[in-house]
Amino acid sequence: MDPYTHVQMITASAPYYLDSKFAGVATVDLSLENLISFVKSKAREHDLGVIVRDANNQVITEHNFRVERDIYISQLNFGDFNWSLEVVNARRLVADEVFDIVMGVEYAIVPVMILCLMFGYYLINQYLIKPIAVIAKEVDDSRHSGSIDINYKSPDEIRYLIDSFNQKTVYLDQERMKAQASTKAKTAFLATLSHEIRTPMNGVLGTAQILLKTDLSVEQRKHLKTLYDSGDHMMSLLNEILDYSKIEQGHIELDSHPFPLNSIIGSMHSVYHTLCNEKGLKFSVYSEVDDERWYMGDKARLRQILFNLLNNAVKFTSQGTIEVFLSEEVRHSANTLTIRVRDTGIGISPEAQARIFKPFEQAESSTTRRFGGTGLGLAIVKEIASVMGGDIKLNSQEGIGSEFEVTVKLESCEPKQLDVHIERKLDYRGLKALIVEDNRTNTIIIDTFMKRKGFITYSVVNGEEALKAVATQSYDLILMDNHMPVMDGVEAIAGIRNMPGREKDTLIFGCTADVFKETRERMMGAGADFIVGKPIDERILDDALYQFANKLFQFTDGKRSNVTSIGS
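No experiment lies behind these values; they were computed from the predicted model shown. (Residues numbered from 1 in each chain as written. Predicted model: local features only at pLDDT ≥ 70, side-chain atom pairs only at ≥ 80, totals over all residues. Heavy atoms only, no water.)

Honestly, the overall build of the protein in this entry has me stumped. Any pointers?
Assigned secondary structure in the protein consists of 15 helices and 21 strands. Out of the 568 residues in the protein, the part that is buried amounts to 37%. Look at the contacts in the protein between residues 6 or more apart in sequence, and 63% of them connect residues 24 or more apart. Carbon and sulfur atoms form 54% of the exposed surface of the protein, whose accessible area is close to 33,600 Å². (Helix = DSSP H or I, 4+ residues; strand = E, 2+ residues; numbered from the N terminus. Buried < 20%, exposed > 50% of the residue type's maximum accessible area, 1.4 Å probe, protein only. Contact = heavy atoms within 4.5 Å. Areas by Shrake-Rupley, 256 points an atom, 1.4 Å probe, with all protein chains shown as cover.)

See below:
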């Protein structure tokens, strides 16, 4: 407080120096009269209580400041001197203020808000919800018809959405048609590839089978066996490519039949014990599964998983051991069979482990040159395991070896009675067989097979000639190719089955190099009794003849046979 003017002031003082020597003190007095007057006028105008304090909590000015219960109190710190301003509603309680606000909203704002809400909902429904609902219905319909076609002219986001969708739909339709054309072309190519390779391979492997049954020197038999094994290996590579093509297109299907696990273990022993011995490897199978365990599932696919893993193990292991471990457990209420195949081979680098399950990939670029193969084995194993509800894992170190672990879901079932297979050599002498085949080499092979069994053989080159031959002469067996000029095998089989006489009941075996399921189903649907794939395996042909012996001998006095061996 200035002692002369009696006005509140702030005094600011600072020393000053001349030539680095203290010369005095400079002082400035700042009057607070206008601040005090301003605070009082605003407090009166708004009916507030106000108090201003300095940083030491000393009151600078105060006007009607009374603190009571349920009164609004506000505080603000301001300025570089850290002064504080406190304001109270001096006369009205919080409850009164809230009540007045609520009443004001109720009488003034709420009706307006309701009207705005209704109008807003109308606008949103008309210009957003309704168009989106129509677009959603059009999108659902466009699964079949294509783009969205609605009468919407506003140049806004909805129009942009419709146009963008239609542009994308046109693009996707074009890409879909390209993909479908590519898939059809690939399927057609693979079917042609399969047929064109299997047809000459039928001549190679068929001739090898015929020659192996003749008198040969030891060296000739050795070379011929090598020829047959090489051809058989080539067919296994082709089968891998076709198998992966089916998997890629989602055409893989699982059969479900009861089978004993020991039958697969026995197959492993019989095949890989010999292969490992030839390479100087020790082969062992350790099973924790009950010896009497039977499963309900696809035995062929499970065998394919095991054999693919073991083929790799034998191929990439030059010394040491190959071991197979089998165990089962219940996971998530499902019975799970775990297969582990461990080898002491070359191992796989960490960088390569991420790509070996991809199709046509191998650990190193030199692997194909060194060891051969298509690079599809592990990709096929992974896909089959996935279809069977499982997965595959890899643990490998370079130079030490690899361990693959595969899990598949298989339901256990009660043991079934094993069928006792009685091998009989039937007497086919005098039976007539018609060979319908346009490839001369295949005709010679099949003709040789059948004549060695005692059949009297006849041959024609297409389905039309087959119909004429069946109409003029009776046959006990017809071996029908599928892909032929003039008339294919499916049409010919259907034509025979529609004949009026007893020839319509003739036993018909489809002989095709086309291994696709659709082709086999078409031939069976036309009336074929059995399908013999090319290259023809004479053992499969013998089994089929025995299986359909009753129909084969239906036009004779009875089948003639004698038992040669019995096995299970």
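This is not the end of the story, as more comes after the structure.
What am I meant to see in the side chain of Thr407 here?
Mapped onto the secondary structure, Thr407 falls in strand β13 (residues 401-409). Discounting residues that sit within four places of it in the chain, Thr407 has contacts with Arg331, Thr336, Leu337, Thr338, Ala385, Gly390 and Asp391.

Would you mind showing me how to read a nonpolar patch on the surface here?
There is a patch of nonpolar side chains on the surface, built from Tyr121, Ile124, Leu128, Ile129 and Ile132 and spanning about 460 Å² of accessible area. You can see Tyr121 is positioned in helix α2 (residues 94-145). (Patch = residues over 30% accessible without salt bridge, like charges linked within 9 Å, V, L, I, M, F, W, Y side chains within 5 Å. Salt bridge = Lys/Arg side-chain N within 4 Å of Asp/Glu carboxyl O.)

Quick question: what am I supposed to make of helix α14 (residues 538-547) here?
Working note: α-helix, 3.6 residues per turn, so residues spaced by three or four point in the same direction. Those residues of α14 not exposed but buried are Glu538, Leu541, Ala544 and Leu545. Projection of α14 onto a plane perpendicular to its axis shows the buried side chains occupying an angular sector of 120°, all on one side. Exposed positions of α14 whose direction lies more than 90 degrees from the buried face are Arg539 and Gln547. (Arc of directions from axis to C-beta.)

Looking at this model, I keep getting lost on the sheet that holds strand β9 (residues 294-297). Mind explaining?
Consider a sheet: its strands pair through backbone hydrogen bonds, and that pairing is either parallel or antiparallel. Within the open sheet, the 3 strands sit side by side as β7-β9-β14. Their pairing is antiparallel. The strands lining the two open edges of the sheet, one partner per strand, are β7 (257-260) and β14 (411-413). In this sheet, adjacent strand axes meet at a mean angle of 40° when their direction is disregarded. Examined bridge by bridge, β9 and β14 share 3 bridges and lie antiparallel to one another. Bridge pairing in β14 links Trp294 to Cys413. (Pairing = 2+ DSSP bridges. Axes fitted to C-alpha atoms, helices over the stretch in contact; angles between N-to-C directions.)

Is there a simple way to explain unusual backbone geometry in this structure?
When glycine is set aside, most residues are seen to have a negative phi, and most peptide bonds are trans. Here Lys534 and Pro535 are connected by a cis peptide whose omega angle stands at 0°. Phi at Asp47 takes a positive value of approximately 55°, unusual for a residue other than glycine. Locating Asp47 in the fold gives a position in the loop between α1 (33-46) and β3 (48-53). Looking at Asp47, the relative accessible area reads 27%, which means it is partly exposed. For Val486, which is not glycine, the phi torsion reads 70° and is therefore positive.

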